[in-house]
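# Examination of the molecular architecture
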Amino acid sequence: MIPTVVWGTGNVGRAAIRAVTAHPALELAAVVVHDPAKVGQDAGKLAGLDDPLGLAATDDVAAVLDARPGAVVYAASGDVRPDGALADIVRALRAGAVVVTPALYALYDPVSAPTEITDPVNAAIAEGGGSLFVSGIDPGWGNDILPLLVSGLGSTIDAIRCQEIFDYSTYDQAQAVRDLIGMGHPLDHSPLMLAPTVPTMVWGGQIRLMARALGATLDEIREVVERHPLEATVSTGTMGVFEAGTQGAVRFEVQGIVGGEPRIVIEHVTRIHPSCAPHWPTPPAGDSAHRVVVEGRPRIEVTVEATDEGENRAAGGNATAVGRLVNAIDWLVAAEPGLYDALDIPLSPAAGRLGRSQK
């Protein structure tokens, strides 16, 4: 069994605790929290499980890492604290752990990542003997391994489009939804996530990784952003009221240009209520979906809908992204120390988990 730490218990961390406890090769060794109110609480309660796990959450990072865990699922946010997240991850790597995380956007494609990020990571790996794999929570598999897998089913390819179609009304992360993305703010407000070059900073690595896998040369990466106001005031169960006239939906594309045309596209269509921007792409049912469209011969379209924590599709998307990360741990432990990407790590069958329920 691989002693595994889950660091953070938010939207990602809850799913990570459940994924680690369900994996037959992993043993939940510790849960690290930042909020003093969570210290001492049972990990099962924090993860939303019916039964306790008999493991109390702690904020003593030094003690956890001094125990030399085999792996760390770093589930703390890097959205507004990228330097802090990098420092935490480097610390875990120096302790010799395999680390999996969605927190460092630049390392979606380590080949193109800036040296100010790769240098401390590689130094920590050389010192501690750990490994690092970063994959997005949006989810990463929808912007790298799934489209590349589907592309191999066709004979000719004109373009690949990866879509996240998402209703934020059930998402429990107000700071990201309101401040980073701008929902509920006036349309003349400039949220950080939509600022020029920021979408490329976040998703450009996945464009570059797919281009590399496809043997394509990128001319450039372009951004297209559209915003739409709410026509009526709406109230959400997790984040309160969003006023009419404020931003209620946003649609943006990060486009990989090949031969002068957008050939590799990551598109996000996000709403705070299904009534906003109904003329934009919508999921086939419910409130959220992830879709890959390969234009070519034949034309191939794959839509994935996931639910977790009841019928919550936001939680379902998080859970699949976490599954990709957690299920890579045993492969990474067996591999040589290093900095890995989505092209390195295979998808593995859920061996030993068929028929095992978890509540």
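Broken down by element type, the protein carries ten helices and 14 strands. Relative to the globule expectation of 21 Å for 359 residues, the C-alpha radius of gyration of the protein, 20 Å, shows essentially globular dimensions. Across its three principal directions, the C-alpha atoms of the protein cover 50 × 45 × 45 Å. Pairs at least 24 residues apart make up 70% of the contacts formed inside the protein by residues separated by at least 6 positions. For the protein, the exposed area adds up to about 15,300 Å²; of that, 53% sits on carbon and sulfur atoms. A distance of 3 Å separates the average location of the 25 positive side-chain charges in the protein from that of its 43 negative side-chain charges.

Here we come to the sheet that holds strand E4 (residues 98-101). Ordered by their spatial adjacency, six strands build an open sheet running E2-E1-E3-E4-E5-E14, and the pairing between neighbours is parallel. Where the open sheet ends on each side, the last strands, each with one partner, are strand E2 (26-32) and strand E14 (338-340). Taken over all neighbouring pairs, the strand axes of this sheet differ in orientation by 20° on average, direction set aside. Across three bridges, strand E5 (residues 131-134) lies against E14 in parallel orientation. Bridge pairing in E14 places Phe133 opposite Tyr340. Helix-sheet contacts for helix H1 (residues 11-22) involve strand E1 (2-7), E2 and strand E3 (71-74), and the interaxial angle to E2 is about 155°. Against the sheet, helix H5 (residues 115-128) contacts E5 and E14, and its axis sits at roughly 130° relative to E14.

Once that is clear, we can look at the pattern of salt bridges. Summed over the entire model, instances satisfying the criterion amount to twelve salt bridges. One salt bridge connects Arg251 with Glu267, and the closest N-O pair in it is separated by 2.6 Å. Placement of Arg251 in strand E10 (residues 247-258) and of Glu267 in strand E11 (residues 261-271) is noted, with a sequence separation of 16 residues between them. The burial state of Arg251 is the same as that of Glu267; both residues are buried. Arg299 is paired through a salt bridge with Glu295; the nearest N and O atoms lie 3.2 Å apart. Members of the salt-bridge network, linked through shared partners, are Arg161, Arg251, Glu253 and Glu267.

What follows concerns H5. Residues spaced three or four apart along an α-helix face the same direction, because each turn holds 3.6 residues. Look at H5: 19 Å from first C-alpha to last across 14 residues, which is about the 20 Å you get at 1.5 Å a residue. Those residues of H5 that fall on the buried side of the exposure criterion are Ile117, Thr118, Val121, Ala124, Ile125 and Gly128. The arc that holds the buried residues of H5, viewed along the axis, is 135°, so those residues lie on one side. In this structure, H5 carries Glu116, Ala126 and Glu127 as exposed residues pointing more than 90 degrees from its buried face. In the core, the buried residues of H5 are packed alongside helix H4 (82-94), E5 and E14.

This brings us to the pairing of E10. Side chains on a regular strand alternate between the two faces of the sheet. Most of E10 is tucked away: eleven of the twelve residues are buried. Bridge analysis of strand E7 (residues 220-229) against E10 gives ten bridges, and the strand direction is antiparallel. Bridge pairing in E10 places Pro229 opposite Gln247. The antiparallel hairpin formed by E10 and E11 contains two residues in its connecting segment, where Gly259 sits at a positive phi of about 60°.

With that out of the way, let us pick up the packing of aromatic side chains. This structure, assessed with the given rule, holds five aromatic pairs. Aromatic pair Tyr105 and Tyr108: ring centres 6.0 Å apart, planes at 70°, arrangement edge-to-face. Taken as a pair, Tyr105 and Tyr108 share a single burial class, namely buried. Arranged with centres 5.1 Å apart and planes meeting at 45°, the rings of Trp203 and Phe252 form a pair that is tilted. Of this pair, Trp203 sits in helix H8 (residues 198-214) while Phe252 sits in strand E10; the two residues are 49 residues apart in sequence, bridging distant segments of the chain. The ring of Phe242 carries Arg178 above its face, with NZ or CZ at 3.8 Å from the centroid.

Here we take up the sheet that holds E11. Taken in spatial order, the six strands of this open sheet run E7-E10-E11-E6-E12-E13, and their pairing is mixed. On the outer flanks of this sheet lie E7 and strand E13 (300-304), each paired with one strand and no other. Sheet twist, expressed as the mean angle between neighbouring strand axes with direction ignored, is 15°. By the bridge criterion, eight bridges tie strand E6 (residues 156-167) to E11 in an arrangement that is parallel. Residue pairing for E11: Asp167 is matched across the bridge by Arg271. H8 rests against E6, E7, E10 and E11 of the sheet, and its axis sits at about 140° to E11.

Procedures and definitions
Residues numbered from 1 in each chain as written. Predicted model: local features only at pLDDT ≥ 70, side-chain atom pairs only at ≥ 80, totals over all residues. Heavy atoms only, no water. Helix = DSSP H or I, 4+ residues; strand = E, 2+ residues; numbered from the N terminus. Rg over C-alpha atoms; globule rule 2.2 N^0.38 Å. Contact = heavy atoms within 4.5 Å. Areas by Shrake-Rupley, 256 points an atom, 1.4 Å probe, with all protein chains shown as cover. Lys, Arg positive; Asp, Glu negative; His and termini not counted. Charge placed at Lys NZ, Arg CZ, Asp CG, Glu CD. Pairing = 2+ DSSP bridges. Axes fitted to C-alpha atoms, helices over the stretch in contact; angles between N-to-C directions. Salt bridge = Lys/Arg side-chain N within 4 Å of Asp/Glu carboxyl O. Buried < 20%, exposed > 50% of the residue type's maximum accessible area, 1.4 Å probe, protein only. Expected span 1.5 Å × (residues − 1). Arc of directions from axis to C-beta. Phe/Tyr/Trp six-rings, centres within 6.5 Å; stacked < 30°, edge-to-face > 60°. Lys NZ or Arg CZ within 6 Å of the ring centre and 35° of its normal.

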